[in-house]
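Chain residues, written in single-letter form:
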Amino acid sequence: MNMQFIKKYIPFFNWISKYNKEMLTGDVVAGLTVGIMLIPQGMAYALLAGLPPVYGLYAALVPQVVYAFLGTSRQLAVGPVAMDSLLVATIVSAIATNPDDYIGLAVVLAMMMGALQLLFGFFKFGFLVNFLSKPVISAFTFAAALIIGLNQIKHLLGISFDKSIIVDGAEQKVSTSTLHDLGSQIYLHVGETNLVALSIGLIGIIVIKLIKKFTPKIPAALVVVIFGIIIVYLFRLDSLGVKIVKEIPQGLPHIGLPHVNLETFRTLIPAAFTLALIAFMEAISVAKAIEEKHDDYKVEPNQELIALGASNFIGSFFSSYPVTGGFSRSAVNDQAGAKTGVAAIVSAILILLTLLFLTEYFYYLPNALLGSIIMVAVFGLIDVKVPKQLWKADKVEFSIYLVTFLSTLFIGIQQGIGIGVLLSLVMVIYNVSYPHIAVVGKIKGTNEYRNIERFNNLELSKEFIIVRIDARLFYANMNVFKDKVLSLVEVSGGETKAVIIVGKGINGIDSSSIQMLKSLIKLLGENNITVYFTGLKGPIKDKLKSSGELQKELKNKCFLSIDAAIQFHKNGKVSPEFMQDC
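Read on for a plain summary of the structure.

Conventions adopted
Residues numbered from 1 in each chain as written. Predicted model: local features only at pLDDT ≥ 70, side-chain atom pairs only at ≥ 80, totals over all residues. Heavy atoms only, no water. Helix = DSSP H or I, 4+ residues; strand = E, 2+ residues; numbered from the N terminus. Contact = heavy atoms within 4.5 Å. Polar contact = N/O pair within 3.5 Å; in protein donor to acceptor, adjacent residues only side chain to side chain. Expected span 1.5 Å × (residues − 1). Buried < 20%, exposed > 50% of the residue type's maximum accessible area, 1.4 Å probe, protein only. Pairing = 2+ DSSP bridges. Right-handed = clockwise from strand over helix to strand, strands pointing away. Phe/Tyr/Trp six-rings, centres within 6.5 Å; stacked < 30°, edge-to-face > 60°. Lys NZ or Arg CZ within 6 Å of the ring centre and 35° of its normal. Axes fitted to C-alpha atoms, helices over the stretch in contact; angles between N-to-C directions. Parallel < 35°, antiparallel > 145°, perpendicular 65-115°, else oblique. Left-handed = near helix turned anticlockwise from the far one by under 90°. Nonpolar A, V, L, I, M, F, W, Y, C, P; charged D, E, K, R; others polar.

Considerations on the environment of S433
And then number 1: Considering the arrangement of structural elements, one finds S433 in helix α20 (residues 413–433).
And then number 2: If near-sequence neighbours (up to four positions away) are discounted, S433 is found in contact with A476, N477 and V480.
And then number 3: Of note is the side chain of S433, whose polar atom sits 2.7 Å from the backbone oxygen of I429.

Okay, structure coming up:
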């Protein structure tokens, strides 16, 4: 195994040989900053996932170290995030029958998700994320942020949502991942509001926002956590019904995987697939955004899949639930001066010290504050400019945005992203099936030809139909092109003598389309209409020649320009340099 191969799959070796004291200073400062930020965030996100808060610390431990060795981004901060945490809660709550099963399923989900990401990376499936279009990502993020935020209302109000209800004598689970179910739960339990918990949560939100606005370098979440713990302890607010974290297990996480039967494993596969793609989408978006600020490395999507997959897969053996790259922590990591993955290792060491020596100090941490941390984080993801821009620019993309948004809100988070991806695929299929086909005319006094629907006063000849297709010509769109040409000939009323196909926009052609062209040439020839081609690219000409289907029909029918084709048709000759060999 040569060093080049090792560096390709373990990017750690690309930068460690150049490591210096200046890098270490930036990494230590950034690592400590992100680690301090991650302690309260991790516990808050674990609570969002329906897990004990300590599992947020477990998820912030091993995955960070694994990514530091395998990731190509040097500032991406890997750990628990809000979106994935809510997805875990949605997925696992529908399957788990008791608290022990719940934790085990969340951990196994990380293992399955990691295994899929590793496979995608090794087989270079990074392109899959391209099917998550901008409208889908924005709509999904907006709707999910609302769902996540509303899920925290129970912590702010100090109430509990029912996990199930009795219908016709049978127990049915209640979803808390759709807007209407959350709304009904809040309505049913709002009368049980604990005003002390509500005050703590609201003050937490205000303080975090003020700190972020006026002194952004101070870790706002940690500040409110410390003061929250002190106030609850001094005034024994837990005796007034304020829900607190209570005992957090001290020490290292359990090593190994929980037992899961085969049927449950199969049930989790679609969810793991969804999580694998969404987590990758989040991480690569953040990594690419930060990469633009640096010129000393390049983010490789397929290696990122391998790094994230290994982080989740290995992390699951240390009680980690699904993780990915977090936007806010990565931004802070970059701003604080992180130069390499050493920053992540420093953050992990701080989490380790917390697990070993500091967990007892979080006993009186109020859940309302964890809820306020999550609400501030996720509402920062909402961007109302996107739907406005889409409405002005493209009504079809706006429709996809709207359907994805409403589906995520009212049907479910998994279903919302699935519907969004499906709509994106439908749009792709529609666009390639109905390519842009333009009839062109000559600009007076020039040799330039333009689309007759976009330019006025163009010179047109009833004798020639000049048509341009701006797409790959293949089986899905060839009949659309053929029908367009035949309809133009029909409309001309028998005056057409030649059809000139402008081929400079054709960037690919398949065997089915070659057969279609042969059929079109024959059909038009029966009506004494000659077909010419202009501006064909080299690979297209090679494909036409190698097929052998059109060699006879294309002899003296290919030209460099439209004017050359017209001149040849009228005079039977043209300067040889204007002809193409097809």
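What to know about helix α19 (residues 395–410)
And then number 1: When the terminal C-alpha atoms of α19 are compared, their 22 Å separation across 16 residues agrees well with the 22 Å that a helix rising 1.5 Å per residue should span.
And then number 2: Burial in α19 covers these residues: F398, I400, Y401, T404, F405, S407, T408 and L409.
And then number 3: For α19, the elements touching its buried residues are α8 (134–151), α10 (179–189), α18 (385–393) and α20.
And then number 4: Where α19 begins, one side-chain oxygen reaches toward the backbone nitrogen of V396, 2.9 Å away; that side chain belongs to D394.

Comments concerning the pairing of strand β10 (residues 530–534)
And then number 1: Of all 5 residues making up β10, 4 are buried, and the element is well covered by its neighbours.
And then number 2: As defined by bridge partners, strand β9 (residues 498–502) adjoins β10 across 5 bridges and the pair is classed as parallel. Looking across to β10, one finds that I500 is bridged to Y532.
And then number 3: A crossover links β9 with its parallel partner β10, the connecting element being helix α22 (residues 511–525), and its sense is right-handed.
And then number 4: Taken together, the 2 bridges between β10 and strand β11 (residues 558–559) define a ladder with parallel strand orientation. Its bridge partner being in β11, F533 is matched across the sheet by C558.

Side note on the packing of aromatic side chains
And then number 1: Counted according to the given criterion, the structure contains 19 aromatic pairs.
And then number 2: Geometrically, the ring pair formed by W15 and Y19 is tilted, given 6.1 Å between the ring centres and 50° between the ring planes.
And then number 3: Given the relative accessible area of 4%, W15 is considered buried.
And then number 4: Here F313 and F317 contribute two aromatic rings whose centre-to-centre distance is 5.5 Å and whose plane-to-plane angle is 65°, an arrangement assigned as edge-to-face.
And then number 5: F313 sits in the partly exposed class, given a relative accessible area of 27%.
And then number 6: By relative accessible area, F317 is classed as partly exposed at 29%.
And then number 7: Here a set of aromatic residues connected by ring pairs shows up, and it is made of F12, F13, W15, Y19 and F69.
And then number 8: Sitting over the ring of W391, K395 keeps its end group 4.5 Å from the ring centre.

So, helix α5 (residues 62–70)
And then number 1: Counting buried residues along α5, 7 of its 9 residues qualify, which places the element largely inside the surrounding structure.
And then number 2: Among the residues making up α5, those that are buried are V62, P63, Q64, V66, Y67, A68 and L70.

Notes on the packing of helix α7 (residues 99–122) against helix α13 (residues 262–291)
And then number 1: Axis separation between α7 and α13 bottoms out at 8 Å; the angle between their running directions is 60°. Taken as axis vectors, α7 and α13 run oblique relative to one another. Handedness of the α7/α13 crossing: right-handed. From α7, L105, V108, L109, M111, M112, M113, L116, Q117 and F120 reach across to α13, where they touch T264, F265, L268, I269, A271, A272, F273, L275, A276, L277, A279 and F280.
And then number 2: Looking at the contact of α7 with α13, its residues break down into 19 nonpolar, 2 polar and no charged.

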